[in-house]
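Structural characterization, general
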Amino acid sequence: MIGQKKNGKIDKTEAPKDFIAVPKIYKGYNICRDCDARSLCQENKDNWCRQNRCMGYEATGDDGTVYKRQDGCSVLFKKK
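What this report covers is the structure whose coordinates are included nearby. Model, not experiment: these values are computed from the prediction. (Residues numbered from 1 in each chain as written. Predicted model: local features only at pLDDT ≥ 70, side-chain atom pairs only at ≥ 80, totals over all residues. Heavy atoms only, no water.)

Another aspect to go through is the state of the cysteines. Per the counting criterion, the structure on display carries 1 disulfide. Cys-41 shares a disulfide with Cys-49; S-S distance 2.4 Å. There is no disulfide at Cys-54, and the cysteine sulfur nearest it, in Cys-49, is 5.7 Å away. (Disulfide = S-S within 2.5 Å.)

All right, on to the nonpolar core then. Ranked by internal contacts, the top residues of the largest apolar core, which has 13 residues, are Ile-10, Ala-21, Cys-35, Ala-37, Val-75, Leu-76 and Phe-77. At the level of secondary structure, the elements contributing two or more residues to this core comprise β1 (19-23) and β4 (75-79). Ignoring anything within four residues of it in the chain, the contact list for Ala-21 reads Ile-10, Asp-11, Lys-12, Glu-14, Ala-15, Arg-69, Val-75, Leu-76 and Phe-77. (Core = buried A, V, L, I, M, F, W, Y, C linked by side-chain atoms within 4.5 Å. Buried < 20%, exposed > 50% of the residue type's maximum accessible area, 1.4 Å probe, protein only. Helix = DSSP H or I, 4+ residues; strand = E, 2+ residues; numbered from the N terminus. Contact = heavy atoms within 4.5 Å.)

Here it is, written out as structure tokens:
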């Protein structure tokens, strides 16, 4: 798995409505292709991508708001 903290445990519920979070596993290509929420992220309506973090690191908005996953893990979102 990539982007996982040592002893990090993914919180599957830390995901957008109707999705669960699953570990990112490197497969030799752009892993975002495997994410069921990719179209929502690409559209990024109302800062969707920042508000629904899939990356284990923080992102800071132009207004200073910090967006992060509470579990600190990098994930994909899969439909429930």
